[in-house]
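Here's the letter readout for the chains.
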Amino acid sequence: MVPDVQTIIESIIQGDQDTVQVQLDSYNTQYAECFFFNTAAQERKKEQELEEFRKNKVRDYDPDSDSDIDSDDEPDLLLRERLATALLCFISSQLQPAVLRVCLQTLRILSRDRRALGPMVTDSALLNLAHLGGIRLLQTCPQQEERADQTARKQSQILSRAASGCEEAADAPPLAVSSVVSPSSPVDVACASTTNDLVHHCYKWTDDGHVMLAPGKSDSDEEEMEEDGDVCRKEAIKVLCNVIYNSPRAQEKASTLRLLQGLWESLKQDIGSREPSSGQFYKLRLLFLLTALRPELRLQLQQERGVAVLTKVLEQRLTVRWGEGYEVLSDSTAPPISKEMSQEIIEILKTLFNIAHRFHRQEPDEEDAALYRHLAAVLRHCLLLSCDGEGTLEELQGHTVNILSALPLTCLDVLLSVHVDKASHKWEGVNMDCVHTLLLFMDRRLNRASKLKEKLIPVLNLMTESSRAHKETRHYLRQKILPPLRDVAIRPEHDTTLRGQLVRLMTHIDTDVKHCAAELLFVLCKENVRRFVKYTGYGNAAGLLAARGLLNGRRNSGDSQYASQYSSDSDSDTEEYREAKARINLVTGRVEIEQPDPMEGMTEEEKEEEARRLISMINRLSRDQIIQPMGVTAEGRLAPLWSQMRGCTLEEEEEEDEEEDIDLMPEGRKDKQME
């Protein structure tokens, strides 16, 4: 049976560690997979709102339903806040490692509820959690020392209430949110014994959050303590991650407390060590969250050579071996990267993107260009890795593509400047392994219907810009995506090949997706309008051509700085295409089935009458602004034709309207009107 929260709080105030451990173990087991404590209340509220909406057909405005405290859930929420406050006070004292572990696990569960974060979003709570997580802050300001003194006094008051009995503690108001001892306070050696006093552990916490065993203890005891210390550090960092992710106020405080500097120093120390700490994944996750949520921390990390240091961490994790220049040597016999290692690499890549996502807009100097080329070479190695699990591999490749698309284009030449061996994909003597991997990655992403914008645009942009800059890349991709046309009996968008999938995206509802897909195909066609229409059909190509002012079919050579490279290869038509070329409908891009002539059997007068009726209907639809006739200007863009086609006066328009009305009448009514 799970004890109620009030009972746990009373046990914490009494300081009974063994009882607290048993109670929290039960609590943690019950709520291990719970992310919303008021799920039942929320469901009831949604059902009531839905019933009200069905009756009144009016939905009340709710600015932030997730942050509102439901009246039914308010007592439970206050109890959870009091539990969090009591636990933050409890973990600041000397505890058995097993007790500390379950306390931190409970705090991690409580930190999932963003409404109950108040006690955890304080300077002292964040400092204490950072200390327990092995993050040593560089300096303590006078204001923090003053708050630590106030915290110690608060703790004394709280602990003194325990002497007055549990009833008084139960009726007491919620504990002060600052009831946590600062990690800057001295930590003495403590002795904690089990209930039966058969095992006696003496230990202390060091400044970096590690557990030190007192002299005279066995190796097995030391290993057990070290293992408990690793688990506690991980749990403390997990709590920090939850709090910072769920609370903008905690993000601001973390920036003020210079949490990033302490975390950054801890990660740099791990680089020099032979065996990085076991909890580094969660430190990397915390680093990612800080840089993702606070723009000033991104800039700060960039100024502290974040790219160079994280690249070094990446090399360390991948055990990179360098060849000549910027070539990373690959080992085909190496085992796949484990899932745990892959997750660490992914966190590094995500943080790198946070601080490097604006680099493609800058012109790098010589030093930066060397750094980015070095990083691009490591990222090329990441693309070619094999991992345990297809999902993990795709996630790793996705984040690698994101960073490659953010680097300056001039630094991506290292993706091709590697030696060619027998197993390599090559084109014109250039190693195409990286480009081939990108192509396969894009193919997998094309087959996923969800989140196309987030998942597909980076790889489309990367392949487009690489094709513009490197003709070998363009030639290779064109052979794979736009091979010579043979079957012209089906519409381009109905094709099952890569070409068909990309053409279908050219009419996608998302403007960014359709623009990127069309841009890639246009570049593979050397930005030649005739060739672009040949492979996609004019109907699919019209959007990009209109946006670029190319509807007149003429390409402006000044539109692209890479236009001079587009004369290096030629477009060879197949025999099948040449035979069917005269019968291809340029709008649909295929040979259409012959249809019967709708005017067959009509006299010339009937044809003229039908043409006048059609013109009259078009004019009326245009004047009613249902349709708008457009024409192509000399600049190759669309412009309304109405003002150019009609230069008549208002009286002439009214007379023409009357004539059109008569033309559209049935014959009987028309004769009567004429009389």
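Predicted model, so just to flag it, every value in this text is computed and none were measured. (Residues numbered from 1 in each chain as written. Predicted model: local features only at pLDDT ≥ 70, side-chain atom pairs only at ≥ 80, totals over all residues. Heavy atoms only, no water.)

Here we look at the overall build of the protein
Condition: Strands here are runs of E lasting at least two residues and helices are runs of H or I lasting at least four, both read from the DSSP assignment and numbered beginning at the N terminus. For every residue, the accessible area obtained with a 1.4 Å probe (protein chains only) is divided by the maximum for its type, and the residue is called buried under 20%, exposed over 50%, and partly exposed between those limits. Contacts are residue-level and defined by heavy atoms, with any inter-residue pair within 4.5 Å sufficient. Accessibility throughout is a Shrake-Rupley quantity obtained with a 1.4 Å probe, and a residue counts as covered only by protein chains that appear here.
Looking only at helices and strands, the protein features 29 helices and eleven strands. Relative to its 675 residues, the protein shows a buried fraction of 45%. Considering only intrachain contacts with a sequence separation of at least 6, the fraction spanning at least 24 residues in the protein is 71%. In the form shown here, the protein has an accessible surface area of approximately 35,800 Å², with 49% of it arising from carbon and sulfur atoms.

As for a nonpolar patch on the surface
What counts here: Residues qualify for a patch when their relative accessible area is over 30% and they have no salt bridge, like charges being joined within 9 Å and the nonpolar side chains of Val, Leu, Ile, Met, Phe, Trp and Tyr within 5 Å. Whenever Lys or Arg places a side-chain nitrogen within 4 Å of a carboxyl oxygen from Asp or Glu, that contact is recorded as a salt bridge.
Together, Leu614, Met617, Ile618, Leu621, Ile626 and Ile627 make up an exposed nonpolar region whose accessible area comes to about 510 Å². With respect to the helices, strands and loops of the structure, isoleucine 626 is situated in the loop between helix H26 (604–623) and strand S10 (630–632). On the basis of relative accessibility, which here comes to 58%, the residue isoleucine 626 falls in the exposed class.

Points about the confidence of the model for the protein
To keep it simple, the criterion reads: The predictor reports its confidence for every residue as pLDDT, a score running from 0 up to 100.
Across the protein, pLDDT averages 78, with 74% of residues at or above 70. Across residues 61–70, where pLDDT falls below 50, the model places twelve contacts with residues more than four positions away in sequence or in other chains. In the model, residues 158–219 has pLDDT below 50 throughout and makes 119 contacts with residues more than four positions away in sequence or in other chains.

Things to note about the packing of helix H19 (residues 452–469) against helix H20 (residues 471–481)
We apply this condition: Here, axes are lines fitted to C-alpha atoms. For helices the fit covers the stretch in contact, and angles between N-to-C directions go from 0 to 180 degrees. Oblique is the label for any angle not under 35 degrees, not over 145, and not in the 65 to 115 range, which are roughly parallel, roughly antiparallel and roughly perpendicular in turn. Note on convention: near helix rotated counterclockwise from far helix by under a right angle means a left-handed crossing. Clockwise means right-handed. In this classification, the charged set is Asp, Glu, Lys and Arg, the nonpolar set is Ala, Val, Leu, Ile, Met, Phe, Trp, Tyr, Cys and Pro, and all remaining amino acids, among them Gly, are polar.
Between H19 and H20, the least distance of the axes is 5 Å, while the angle of their chain directions is 120°. By the criterion of interaxial angle, the relationship of H19 to H20 is oblique. H19 and H20 meet at a crossing whose hand is left-handed. Judged by residue contacts, Met463, Ser466, Ser467 and Ala469 of H19 engage Lys471, Thr473, Arg474 and Leu477 from H20. Residues that form the contact of H19 with H20 fall into these classes: three nonpolar, three polar and two charged.

Structural notes on the environment of leucine 412
Tracing the backbone shows leucine 412 in the loop between helix H17 (390–406) and strand S6 (426–427). Overall, the relative accessible area of 2% leaves leucine 412 in the buried class. Other than its neighbours up to four places away in sequence, leucine 412 contacts Ala376, Leu404, Leu407, Leu462, Ser466 and His470.

Considerations on the pattern of salt bridges
The tally for this structure, following the rule as stated, stands at 28 salt bridges. Its salt-bridge partner being arginine 115, residue aspartate 113 comes within 3.4 Å of it at the nearest N-O pair. The buried category is assigned to aspartate 113, whose relative accessible area is 6%. Assessed through its relative accessible area of 11%, arginine 115 is described here as buried. Via salt bridges that share partners, Glu465, Arg468, Glu519, Glu527 and Arg548 belong to a single interconnected network.

Examining the side chain of glutamate 327
We apply this condition: The charged-residue count follows a simple rule in which Lys and Arg add positive charge and Asp and Glu add negative charge, with His and chain termini not counted at all. In protein, a polar contact requires one atom able to donate a hydrogen and another able to accept it; more generally it is a pair of N or O atoms within 3.5 Å, and residues adjacent in sequence count only if both atoms are side-chain atoms.
Mapping glutamate 327 onto the fold places it in the loop between strand S4 (321–322) and strand S5 (328–329). At 6.5 Å, arginine 380 is the nearest oppositely charged side chain to glutamate 327, a buried residue that forms no salt bridge. Looking at glutamate 327, its side chain comes within polar contact range of the side chain of histidine 419, at 2.7 Å.

Let's talk about the environment of valine 414
Mapped onto the fold, valine 414 is located in the loop between H17 and S6. Its relative accessible area of 3% is what places valine 414 among the buried residues. Residues valine 414 and valine 378 lie 36 residues apart in sequence; the distance between their C-alpha atoms is 9.9 Å. Not counting residues up to four positions away in its chain, the partners in contact with valine 414 are Tyr326, Arg373, Ala376, Ala377 and Arg380.

Re helix H4 (residues 74–90)
Because the α-helix completes a turn every 3.6 residues, residues three or four places apart line up on one side. Which entries qualify depends on this criterion: By this rule, a helix spans an expected 1.5 Å times one less than how many residues it contains.
Compared with an ideal rise of 1.5 Å per residue, which puts 17 residues at 24 Å, H4 spans 24 Å between its outermost C-alpha atoms and is within 8% of the ideal. Within H4, the full set of buried residues consists of Leu77, Arg80, Arg82, Leu83, Ala84, Thr85, Ala86, Leu87, Leu88, Cys89 and Phe90.

Section: unusual backbone geometry
Residue glutamate 428 is not a glycine yet carries a positive backbone phi of 55°. Tracing the sequence through the fold places glutamate 428 in the loop between S6 and strand S7 (430–431). Relative accessible area serves as the criterion here: at 47%, glutamate 428 is assigned to the partly exposed category. With a phi angle near 60°, lysine 526 is a residue other than glycine that sits in the positive phi range. Take lysine 526: its relative accessible area is 7%, and that puts it in the buried class.

Some thoughts on the packing of helix H14 (residues 306–318) against helix H15 (residues 339–356)
Where H14 meets H15, the axes come as close as 10 Å, and the angle between the chain directions of the two elements is 165°. Considering their axes alone, H14 and H15 lie roughly antiparallel with respect to each other. In this structure, H14 crosses over H15, and the sense of that crossing is left-handed. Contacts from Gly306, Val307, Leu310, Thr311, Val313, Leu314, Arg317 and Leu318 in H14 reach Met341, Glu344, Ile345, Ile348, Leu349, Thr351, Leu352 and Ile355 in H15. For the contact of H14 with H15, the residue count by class is eleven nonpolar, three polar and two charged.

Things to note about the nonpolar core
For clarity, the threshold we go by: Each nonpolar core is a collection of buried residues, namely Ala, Val, Leu, Ile, Met, Phe, Trp, Tyr and Cys, held together in the definition by side-chain atoms within 4.5 Å.
In terms of nonpolar packing, the biggest core is built from 148 residues, with Ile91, Leu314, Met442, Ile481, Leu502 and Phe532 touching the most fellow members. Per-element accounting of this core gives the leading share, nine residues, to helix H16 (residues 366–383). In contact with phenylalanine 532, other than residues within four places in its own chain, are Met506, Ala518, Leu521, Phe522, Cys525, Gly537, Ala541, Leu544 and Leu545.

Considering the packing of aromatic side chains
Describing an aromatic ring pair means giving the distance of the ring centres and the angle of the ring planes. Test applied: Stacked, tilted and edge-to-face are the three classes applied to pairs of Phe, Tyr and Trp rings, where Trp contributes its six-membered ring and a pair requires centres within 6.5 Å; stacked means planes under 30 degrees apart, edge-to-face means over 60, and tilted covers the rest.
Under the definition given, this model contains four aromatic pairs. With 6.4 Å between their ring centres and 70° between their planes, tryptophan 427 and tyrosine 476 make a pair best called edge-to-face. Remark: tyrosine 476 occurs in helix H20 and tryptophan 427 occurs in strand S6; sequence separation between them is 49 residues. For tyrosine 476, a relative accessible area of 4% gives the class buried. Note on phenylalanine 522 and phenylalanine 532: the rings are 5.1 Å apart at their centroids and 70° apart in plane angle, and the pair reads as edge-to-face.

Some words on H17
Helix length check: H17 (17 residues) gives 25 Å between terminal C-alpha atoms against 24 Å at 1.5 Å per residue, within 8%. Counting buried residues along H17, twelve of its 17 residues qualify, which places the element largely inside the surrounding structure. Residues Thr392, Leu393, Glu394, Leu396, Gln397, Gly398, His399, Thr400, Val401, Ile403, Leu404 and Ala406 constitute the buried set of H17. Turning to H17, the residues buried within the fold contact H15, H16, helix H18 (433–446) and H19.

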